[in-house]
Amino acid sequence: MPIRVRWTTKKYFPFAMMLLGACGVFQVLFIFIAQYLLNVGNLFVVTLIPLGVTIGLLFGSMIVFESYAQVERNRKLKTRFQKSQGISSKFQRFLYFPVVRPLLIMFSIFMALFFISYFFSATFLDKATSFLVGEVFATVICLLIANLIEKRYGRVRRY
């Protein structure tokens, strides 16, 4: 039975707010990059599109979070009576914090796909349209990859 995280409960609402805040800060970084480094002049494209992308990245991060929670629950059920091993380094402790791995996965995939699609479409289109295409394309692919992670890694079957 798959884990279905109820994000509005007292236990998971702070995690949802951390994911939303991190996705928002990440998109503020992309607004800065678009406005000043890529010289995208259209203010509506630079502000409205990242709002939708923030929500898309939030849902992708939630999907990856649920799949990792599913795997951790199965691992704890299988190794219930074994002696637990402590996390050795601070870097591993940072990576095993529940919010970090989904965000790292989503942000790294998004950045790579955004810059590839932006610079590819900038050869054919103007800067504002290239930014729009890059953001939307990277978000859709991130959501597809999050779904793939849920199906393959978490082995979650819904409906």
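Each remark here, short or long, concerns the structure printed above.
In what follows, the accompanying structure is described. (Residues numbered from 1 in each chain as written. Predicted model: local features only at pLDDT ≥ 70, side-chain atom pairs only at ≥ 80, totals over all residues. Heavy atoms only, no water.)

Here's the deal with the nonpolar core
- Counting 36 residues, the largest nonpolar core has Val40, Leu57, Met106, Phe110 and Phe114 as its most contacted members.
- Every element with two or more residues in this core is listed here: helix H1 (13-37), helix H2 (43-78), helix H4 (100-121) and helix H5 (127-152). (Core = buried A, V, L, I, M, F, W, Y, C linked by side-chain atoms within 4.5 Å. Buried < 20%, exposed > 50% of the residue type's maximum accessible area, 1.4 Å probe, protein only. Helix = DSSP H or I, 4+ residues; strand = E, 2+ residues; numbered from the N terminus.)

Regarding a nonpolar patch on the surface
- Residues Phe120, Phe124, Leu125, Leu132, Val133, Val136, Phe137, Val140 and Leu144 make up a contiguous nonpolar surface patch of roughly 830 Å² in combined accessible area.
- At six residues, the largest contribution of residues to the nonpolar patch is made by H5.
- Relative to the helices and strands, Leu125 is located in the loop between H4 and H5.
- Leu125 sits in the partly exposed class, given a relative accessible area of 40%. (Patch = residues over 30% accessible without salt bridge, like charges linked within 9 Å, V, L, I, M, F, W, Y side chains within 5 Å. Areas by Shrake-Rupley, 256 points an atom, 1.4 Å probe, with all protein chains shown as cover. Salt bridge = Lys/Arg side-chain N within 4 Å of Asp/Glu carboxyl O.)

Here's the deal with the packing of H1 against H2
- In contact at an axis separation of 8 Å, H1 and H2 are set at 145 degrees when each is read in the N-to-C sense. As for how H1 packs across H2, the hand of that crossing is right-handed. Two secondary-structure elements touch here, H1 through Phe15, Ala16, Leu19, Leu20, Cys23, Gly24, Phe26, Gln27, Ile31, Ala34 and Gln35 and H2 through Leu43, Val46, Pro50, Val53, Thr54, Leu57, Leu58, Ser61, Met62 and Phe65. (Axes fitted to C-alpha atoms, helices over the stretch in contact; angles between N-to-C directions. Left-handed = near helix turned anticlockwise from the far one by under 90°. Contact = heavy atoms within 4.5 Å.)

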